[in-house]
Each structure stands twice: as C-alpha cells, then as structure tokens.
Amino acid sequence: MLELKHLKTLLALRESQTLVDAAARLCLTQSALSHQLKLLEKQIGAQLFIRKSKPLRFTIAGLRLIELADSVLPQFEQAERDLTRLVAGQSGRLHLAIECHSCFNWLMPAIDIYRGLWPDVELDFSSGFSFEPLPDLAHGDLDLVLTTDPLDVPGIHYKALFAYQPMLAVSVDHPLAHKEVIEPADFSDQTLISYPVESSRLDLFNLFLQPAGVTPKAIRQVDMTMMMMQLVASDLGVAVLPNWALNEYVDKGFVVARTLGNGELWQNLYIAMRDKDRQASHLRAFIQIARQSCFEHLNGIRPPDEHADIPASSDYLIGSTA
C-alpha cells in the first residue's frame, strides 16, 4: 500500500505548505500530485490533511505517515549512497563550470552537501566570462557545465534543472516601473546593463528582442550582479535577469521587476555533461542534490517541460559506436 514516493510527497507537502510548491519540489504537475494524494487516501481509507487550511494542517493519519517518513527516508537514502559507493567506488572527479552567473546563492549549499556525502571526489569549479566551457567539457577538461545556452556540441547531453522567467529590472522611479506590459520596443531608448557576454547568448535578445528586430540604445557590461543592481537602482540603465535572481533586490525596495511580454516567456537552466558519463554515480548524485537545492532556495521557478532534456547529437552517437 505504502511506497517511498508517498513518504517523500508528504515531507515535501509539510515543507512547502502548498500543493503548488510541493509539486514543483517533486518535479510533478499539481494535478499529478493531487491525484497521487487522493489515491493514497482512498487506499488507506483516511484523509491525510485538511484541504485549504492555512497553515496546512495534517490529520492524525497524515502525521503518523510523516513520522514514518522522518524515520525511514534518511536510512533509505544513506543505504542507497552506501550501495552506490560499494559498486562504483567513492572516488571520482567533478570539475564544474558555471555559465549561470547568478547561481551561487543556491549552488553553494548544494556543493556543501555534496562534499559531505562524496568526500573523496575531486571537486573543482570555475566561473567567468572569458572562456567557452562547452568545448572544454567535450574534450574532457570539465565534467559538468551549468548553462542557459545549450549549444549543439557533439556528444553533450543537457539535463534541465528548472524553468525560470527572465524579467526586467528598473529603478523605482523609472517610467517602465508602472507599465502593465513590457514590449520589445520599450528597450529601443534604454541603456541595457548586462554581463560581459555576446548578445547572442542572452535570453533577452534570443527570446524577446531579436524576433521583434529591436536593439537597445546602448549596452553597458559589468561583471557582478550586485553592481548591475546598483546601476539599475541609480537609474543608469535597465537589466534583465532571472526572476529568482531579482527577488532579493525587489524585496528590499532597491528595484522594480516587470514581466516581459504576456508572461509566457520561460527559459530553462541546464546541466551539460558528456553523454558517455550520464551513468556516472558521482555526477548523477550531484545533479540530484543540485535539483533539490534549487527548489529549496529559489522562489518563482517551476519544473522544466517534460521533454526539456536535450540528448547528444546523433552524429556523435553513430560515430562513437563505429
């Protein structure tokens, strides 16, 4: 009757307090999670939690299963890690490059957890604007790359971690701060503040401006997100960043964030890896920890589309078996 997925679901519901957030944490749709819970309640013959209660309240049956989950799941996860290490060994190498320059607020906790669970893995990571990490990944100099720009590199597989909305950041006194719908034409007289990368690699150009044939009046490049927000708050330009990267500055009243277009613009963050390494235990473990960390630390993200993963090119696969 009971399965591990049921226990994981109840813990996610307790930590998230809403079906929507719990579904995101479990990489499920809200309807799929609701169906799973109703089926479980039907099987055990008891309600597990009070619908529409704020804060969420569990029934006696629900609390008993949560107690079981708190006891069983840590033991189960530890046993899985022990078995993985016995089969695959504890050592390995994980050299990670970060093209997502706003990822450190959730990535660092994930790395700390990973170090504790895989202490013998040689761990190194780098971030910067002056190198192209995907060719290095293909050549074996790197093992994983965090990127929003999945280039077609032979032999590279992309695993989608989550989806986010690119949003416009403006000063609190900026005319666009109160505009209902942000259109591509609104950028034509603006100074865009961005990271020092080519425009062709930025979400704003690829997904919003280029299809409309619009370019900003000027582009000013800076290395740090904090400096970027300082310039925006001082009304020296506008910026476009992921919604979760702007939350801290919006909550403090430094800037105003506006949705681009009709709000249907979403982009995926990927982990890129060599196709031949997809079954490597120490890499799969890091991806799992990273995904959990994303949904624990970021607001406004959602699970990627069901078919968001991008497989390695068929040319490489054919060549590799020759």
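Overview of the structure. (Residues numbered from 1 in each chain as written. Predicted model: local features only at pLDDT ≥ 70, side-chain atom pairs only at ≥ 80, totals over all residues. Heavy atoms only, no water.)

### Concerning the pattern of salt bridges
A side chain with one charge may pair with a side chain of the opposite charge, provided their charged atoms come close.
No. 1: Per the counting criterion, the structure on display carries 14 salt bridges.
No. 2: With a closest N to O distance of 2.9 Å, arginine 274 and aspartate 277 form a salt bridge. Both residues of the pair, arginine 274 and aspartate 277, belong to the buried class.
No. 3: In this structure, lysine 276 engages aspartate 277 in a salt bridge whose closest nitrogen and oxygen atoms are separated by 3.6 Å.
No. 4: A relative accessible area of 15% places aspartate 277 in the buried class.
No. 5: Shared partners join several salt bridges into a network, and the residues in it are Arg93, Asp143, Arg274, Lys276 and Asp277. (Salt bridge = Lys/Arg side-chain N within 4 Å of Asp/Glu carboxyl O. Buried < 20%, exposed > 50% of the residue type's maximum accessible area, 1.4 Å probe, protein only.)

### What about the packing of aromatic side chains?
No. 1: With the rule as written, the count across this model stands at 8 aromatic pairs.
No. 2: Pairing tyrosine 158 with tyrosine 270 gives two aromatic rings, centres 6.0 Å apart and planes at 80°, and the pair type is edge-to-face. Of the two residues, tyrosine 158 sits in strand S6 (residues 156-164) while tyrosine 270 sits in strand S12 (residues 267-274), which places them 112 residues apart along the sequence.
No. 3: For tyrosine 158, a relative accessible area of 2% corresponds to the buried category.
No. 4: Here tyrosine 270 falls in the buried class, since its relative accessible area comes to 7%.
No. 5: Through successive ring pairs, a cluster of aromatic residues spans Trp106, Phe162, Tyr164 and Trp244.
No. 6: Positioned over the ring face of tryptophan 266 is arginine 302, at 3.9 Å from the centre of the ring. (Phe/Tyr/Trp six-rings, centres within 6.5 Å; stacked < 30°, edge-to-face > 60°. Helix = DSSP H or I, 4+ residues; strand = E, 2+ residues; numbered from the N terminus. Lys NZ or Arg CZ within 6 Å of the ring centre and 35° of its normal.)

### A closer look at a nonpolar patch on the surface
No. 1: Side chains of Met224, Met226 and Met227 sit close together on the surface and give an oily, nonpolar patch of about 340 Å² of accessible area.
No. 2: With respect to the helices and strands, the residue methionine 224 is situated in the loop between strand S9 (218-221) and helix H8 (225-233). (Patch = residues over 30% accessible without salt bridge, like charges linked within 9 Å, V, L, I, M, F, W, Y side chains within 5 Å. Areas by Shrake-Rupley, 256 points an atom, 1.4 Å probe, with all protein chains shown as cover.)

### Section: the environment of alanine 138
No. 1: Examined against the element boundaries, alanine 138 turns out to sit in helix H6 (residues 133-139).
No. 2: Taking the C-alpha atoms as reference points, alanine 138 and isoleucine 156, separated by 18 residues in sequence, lie 6.7 Å from one another.
No. 3: Beyond its immediate chain neighbours, meaning those up to four positions away, alanine 138 contacts Val153, Pro154, Ile156 and Arg274. (Contact = heavy atoms within 4.5 Å.)

### Observations concerning the packing of helix H1 (residues 4-16) against helix H3 (residues 30-44)
No. 1: At their nearest, the axes of H1 and H3 sit 11 Å apart, and the two run at 115° to each other. The element H1 and its partner H3 pack so that their crossing is left-handed. Across the interface between the two elements, Lys5, His6, Thr9, Leu10 and Leu13 from H1 touch Leu33, Gln36, Leu37, Leu40 and Gln43 from H3.
No. 2: Of the residues assigned to the contact of H1 with H3, the class counts are 5 nonpolar, 4 polar and 1 charged. (Axes fitted to C-alpha atoms, helices over the stretch in contact; angles between N-to-C directions. Left-handed = near helix turned anticlockwise from the far one by under 90°. Nonpolar A, V, L, I, M, F, W, Y, C, P; charged D, E, K, R; others polar.)

### Brief notes about the sheet that holds strand S11 (residues 256-259)
No. 1: The sheet built from 3 strands is open, its strands ordered S10-S7-S11 with antiparallel pairing. Here the strands that pair on one side only, and so sit at the sheet edges, are strand S10 (239-242) and S11. Shown here is a sheet whose adjacent strand axes are inclined to one another by a mean of 40°, direction ignored.
No. 2: In the sheet, strand S7 (residues 166-170) pairs with S10 via 4 bridges, with the strands oriented antiparallel. (Pairing = 2+ DSSP bridges.)

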